[in-house]
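The primary structure of each chain is shown beneath.
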Amino acid sequence: MRDVYVAVADPTRRELIRLLADVEELPLHELTSHFEMGRTAVSKHLAILKDARLVTTRKVGRETRYRLNANPLQEIQGWVAFYSKFWSTNMLRLNQLLEEEEE
């Protein structure tokens, strides 16, 4: 299983996540049409997302359809929320120091 942070580190994979977030599912050829790379390259990115459990697949005939599974993104959301509090607290402290210096 691949780390969700590694999976979203690449801009192409983040764009694939965005595209899949807007729809129920998409086949590979439709996803590929949004990039200046071939199907093989897009497939490799999708495989990384699948290893991180961010994407699920479903076979329809010979076609593979991809669907976003956003649950693993909660780990990132929690991490960002922690640092958001950190920065908010530090900005409040900075504002207090600046106000004290002005007095």
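These numbers were taken from a predicted model, which means no experiment stands behind them. (Residues numbered from 1 in each chain as written. Predicted model: local features only at pLDDT ≥ 70, side-chain atom pairs only at ≥ 80, totals over all residues. Heavy atoms only, no water.)

Trainee: So what's going on with the side chain of Thr12? Which residues, and what values?
Mentor: Locating Thr12 in the fold gives a position in helix α2 (residues 11-21). Contacts of Thr12, omitting those with residues within four sequence positions, involve Phe35, Met37 and His45. (Helix = DSSP H or I, 4+ residues; strand = E, 2+ residues; numbered from the N terminus. Contact = heavy atoms within 4.5 Å.)

Trainee: Could you give an account of the side chain of His45, naming the residues involved and the relevant values?
Mentor: Among the secondary structure elements, His45 is positioned in helix α4 (residues 39-51). Judged by its relative accessible area of 15%, His45 is buried. The residues touching His45, leaving out its near neighbours within four places in the chain, are Asp10, Thr12, Arg13, Leu16 and Met37. (Buried < 20%, exposed > 50% of the residue type's maximum accessible area, 1.4 Å probe, protein only.)

Trainee: Any chance you could break down a nonpolar patch on the surface for me, citing the residues and the numbers?
Mentor: Residues Trp79, Val80, Phe82, Tyr83, Phe86 and Trp87 make up a contiguous nonpolar surface patch of roughly 660 Å² in combined accessible area. Note on Trp79: relative accessible area 47%, which makes it partly exposed. (Patch = residues over 30% accessible without salt bridge, like charges linked within 9 Å, V, L, I, M, F, W, Y side chains within 5 Å. Areas by Shrake-Rupley, 256 points an atom, 1.4 Å probe, with all protein chains shown as cover. Salt bridge = Lys/Arg side-chain N within 4 Å of Asp/Glu carboxyl O.)

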